[in-house]
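Tertiary structure, described
Here is what each chain is made of, one letter per residue.
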Amino acid sequence: MIKECKVILYNEAVTVVDYDGKNIQFPSIAGDSKTVFVKCENGEYSICDGKEDVKETAVKKTAQKKKATVEETTESAEETTENAEN
């Protein structure tokens, strides 16, 4: 969610903004505006330009198969045999 937030403190070291009653501290940002746009996603806050598209874009994941080594295959076969015997 993107919200326009009031800048409470701005100096060379940090910028503190008020996000729904919470003081959120960021590293110092360039500029001395009185408000900034803050994006909250999964409990993580970041400063954005306010024009970002809020909709999630679908990302196609490509999976690569892991090639098993001979040792891994042999160990797996031995574990399976031991489990079957017990």
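Below, the structure is looked at part by part. (Residues numbered from 1 in each chain as written. Predicted model: local features only at pLDDT ≥ 70, side-chain atom pairs only at ≥ 80, totals over all residues. Heavy atoms only, no water.)

**Remarks on the nonpolar core**
- If you look at the biggest cluster of nonpolar residues, it comprises nine residues: Cys5, Val7, Val17, Tyr19, Ile24, Phe26, Val36, Val38 and Cys40.
- When contributions to this core are tallied by element, the ones reaching two or more residues are strand E1 (2-10), strand E2 (14-19), strand E3 (22-27) and strand E4 (35-41).
- Counting residues per element, this core draws most heavily on E4, which supplies three residues. (Core = buried A, V, L, I, M, F, W, Y, C linked by side-chain atoms within 4.5 Å. Buried < 20%, exposed > 50% of the residue type's maximum accessible area, 1.4 Å probe, protein only. Helix = DSSP H or I, 4+ residues; strand = E, 2+ residues; numbered from the N terminus.)

**With respect to the pattern of salt bridges**
- Applying the stated criterion across every chain, the model contains two salt bridges.
- Taking the shortest distance from any N to any O, the salt bridge between Lys3 and Asp20 comes out at 2.4 Å. Of this pair, Lys3 sits in strand E1 while Asp20 sits in the loop between E2 and E3, and the two are 17 residues apart along the sequence.
- For Asp20, a relative accessible area of 57% translates into the label exposed.
- Lys39 is the partner of Glu41 in a salt bridge, and the nearest nitrogen-oxygen pair spans 3.7 Å. (Salt bridge = Lys/Arg side-chain N within 4 Å of Asp/Glu carboxyl O.)

**Focus on the sheet that holds E2**
- Ordered in space as E3-E2-E1-E4-E5, the five strands form an open sheet in which the pairing is antiparallel. Of all the strands in the sheet, just E3 and strand E5 (44-48) have a single pairing partner and so form its edges. Recorded for the sheet is a direction-independent mean angle of 45° between the axes of neighbouring strands.
- Of the pairings in the sheet, the one linking E2 to E3 comprises six bridges and is antiparallel in character. Along E3, the bridge assignment pairs Val16 with Gln25. (Pairing = 2+ DSSP bridges. Axes fitted to C-alpha atoms, helices over the stretch in contact; angles between N-to-C directions.)

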